[in-house]
Amino acid sequence: MANESSLSALTVGFIGGGNMAYAIASGLLKNGILQPGQIHVTATNLTTLKERWSTLEVTHLGTDNIALIERCSIIFLCIKPQMLHAFLVAIDARVQKGGRPDCRNKLVVSILAGVTLDQLISKLAPLGTTTIVRTMPNTPMQVGLGCTVYCPDKYAIDKSNEVVKELYSTLKLMLGSLGKAFEVQESQINAVTGLAGCGPAYVYEFIEALADGGVKQGIPRAMALQLAAQTVMGAAKMVLTTGKHPAVLKDEVCSPGGATIHGVHALEQGSMRGTVMNAVEKATKRAEELS
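Per chain, residues are indexed from 1 in the order of the written sequence. For a predicted model such as this one, the threshold for reporting local features is a pLDDT of at least 70, and the threshold for listing and counting side-chain atom pairs is 80 or more; totals across whole chains, interfaces and linings nevertheless cover every residue. Only hydrogens and water are set aside when side-chain values are computed; all heavy atoms of the structure are taken into account.

**Brief notes about the packing of aromatic side chains**
Rules: Between rings of Phe, Tyr and Trp, where Trp is taken as its six-membered ring, a pair exists when centres lie within 6.5 Å; planes separated by under 30 degrees are stacked, by over 60 edge-to-face, and by other angles tilted. Counting from the N terminus, the helices are the DSSP runs of H or I reaching at least four residues and the strands are the DSSP runs of E reaching at least two. Working definition: with a 1.4 Å probe on protein chains only, accessible area under 20% of the residue-type maximum means buried, over 50% means exposed, and in between means partly exposed.
In total, this model carries four aromatic pairs according to the counting rule given. Judged by centre distance (5.5 Å) and plane angle (80°), the rings of Tyr22 and Trp53 are edge-to-face. Placement of the pair is Tyr22 in helix H2 (residues 19–30) and Trp53 in helix H3 (residues 46–53), with a sequence separation of 31 residues. With relative accessibility at 11%, the residue Tyr22 sits in the buried group. The class of Trp53 is buried, set by a relative accessible area of 0%. Relative to Tyr168, the ring of Tyr150 has its centre 6.3 Å away and its plane inclined at 75°; by these criteria the two rings are edge-to-face.

**Comments concerning unusual backbone geometry**
The backbone of Glu57 shows a phi angle near 65°, a positive value even though the residue is not glycine. Along the chain, Glu57 turns up in the loop between H3 and strand E3 (60–62).

**Quick notes on the sheet that holds strand E1 (residues 12–15)**
To keep it simple, the criterion reads: A pair of strands is labelled paired if DSSP reports no fewer than 2 bridges between them. Angles run from 0 to 180 degrees between N-to-C directions of axes, and those axes are lines fitted to C-alpha atoms, restricted for helices to the stretch in contact. Any two residues having at least one pair of non-hydrogen atoms within 4.5 Å are treated as being in contact.
One open sheet holds the eight strands; their spatial order is E3-E2-E1-E4-E5-E6-E7-E8, and the pairing between them is mixed. Edge positions in the sheet fall to E3 and strand E8 (179–183), since each has one partner strand and no second. Sheet twist, expressed as the mean angle between neighbouring strand axes with direction ignored, is 20°. Taken together, the five bridges between strand E7 (residues 146–152) and E8 define a ladder with parallel strand orientation. Across the sheet, Val149 pairs through a bridge with Phe182, a residue of E8. Contacts from H2 reach E1, strand E2 (39–42) and strand E4 (74–77), with the element oriented near 160° to E1.

**Quick word on the environment of Thr284**
Note the following rule: Throughout this description, a polar contact denotes any pair of N or O atoms lying within 3.5 Å of each other; where both atoms belong to protein, one of them has to be capable of donating a hydrogen while the other can accept it, and for residues adjacent in sequence the pair is counted only when both atoms sit in side chains.
Within the secondary structure layout, Thr284 lies in helix H14 (residues 272–290). Take Thr284: its relative accessible area is 13%, and that puts it in the buried class. Between the C-alpha atoms of Thr284 and Cys198, which are 86 residues apart in sequence, the distance is 9.2 Å. Contacts of Thr284, omitting those with residues within four sequence positions, involve Asn190, Ala191 and Gly194. For Thr284, the side chain forms a polar contact with the main-chain oxygen of Val280, separated by 2.7 Å.

**Let's talk about the environment of Ile207**
With respect to the helices, strands and loops of the structure, Ile207 is situated in helix H10 (residues 199–216). Overall, the relative accessible area of 16% leaves Ile207 in the buried class. As for Ile207 and Gln226, which are separated by 19 residues in sequence, their C-alpha atoms are 9.4 Å apart. Among all residues touching Ile207, those that are not within four sequence positions of it are Ala228, Ala229 and Val232.

**Describing the side chain of Ser110**
Here Ser110 shows up in strand E5 (residues 107–110). Those residues in contact with Ser110 that lie beyond four places of it in its chain are Leu77, Leu120, Val133, Arg134 and Thr135.

**Remarks on the pairing of strand E6 (residues 131–136)**
Of all the six residues making up E6, six are buried; the element is thus mostly covered by neighbouring parts of the structure. Burial along E6 is two-sided: the residues Thr131, Val133 and Thr135 and Ile132, Arg134 and Met136 are all buried. With four bridges connecting them, E6 and E7 associate as antiparallel partners. Bridge pairing links Val133 to Pro152 in E7.

**Side note on the nonpolar core**
Selection criterion: Buried residues of nine kinds, namely Ala, Val, Leu, Ile, Met, Phe, Trp, Tyr and Cys, make up a nonpolar core once their side-chain atoms join them within 4.5 Å.
Residues Phe14, Trp53, Ile74 and Phe76 are the most contacted members of the largest nonpolar core, which totals 38 residues. Listing elements by their share of this core, those giving two or more residues are E1, H2, E2, H3, E4, E5 and helix H8 (162–176). Take this core: its biggest share by element is eight residues, from H2. In contact with Phe76, other than residues within four places in its own chain, are Val12, Gly13, Phe14, Ile15, Ile24, Val109, Leu171 and Met174. Counting residues in hydrophobic clusters, the runner-up holds 30 residues, among them Ile79, Ile91, Leu127 and Cys151.

By themselves these figures say nothing about function.
Pasting the structure below:
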């Protein structure tokens, strides 16, 4: 298992410095899992990268992906799926020109929606022997309340050396420190993308709508947003802490003939459940299309 000494010696790289990479890194830093000097980040626009990541005191910033791969033991691949081809062309050109980095003792962690392990293994062949873990995180990792599922290249994990096994153990510790983390079958990842990966956006829409309803009834905007966000956070905590089904908790709030049941009726009239289920289905199908 990973321990404090193995974490202190760890170097973690992020290829792509966008929202998800920033969320993961900032969560690891806030929880004391990593220090700024252990993190390396690359992106195509160095100026923009420095402007954002300097807020985390991360100084190992650049544009050279091969150099990052050579320096880091765990490498998060955080580019957009549609950018993968250009990334691979550039990597292949560098490999042909300057030699292949030794990846036998490294872990590549992909967050690319819809891109399967088989596709990643094939496409990352220019890097040589590489152990890959496919993940689907979400942005609340930034505040330690994220959801992540992960699926390793099981053959590589089972057969690889002890260094890679230790890195995989460390990765699981890192992801678990940022919220809920589950190892799943790869066939489930697209559905998790539609639910938890995209889910924060659905919840933000609901919080905004809840606050708008309060503003319409005369509550000041700033207060309405605070009330709405706290209500959602509290309700979620009730589900996780009590273990009760959401329907049971809902019934506990709905007094006969009271205000809450009238509000719930309005939500049912607006087909809220069906709309949310459709959103998860649409996002899941899109994740499948991206592959």
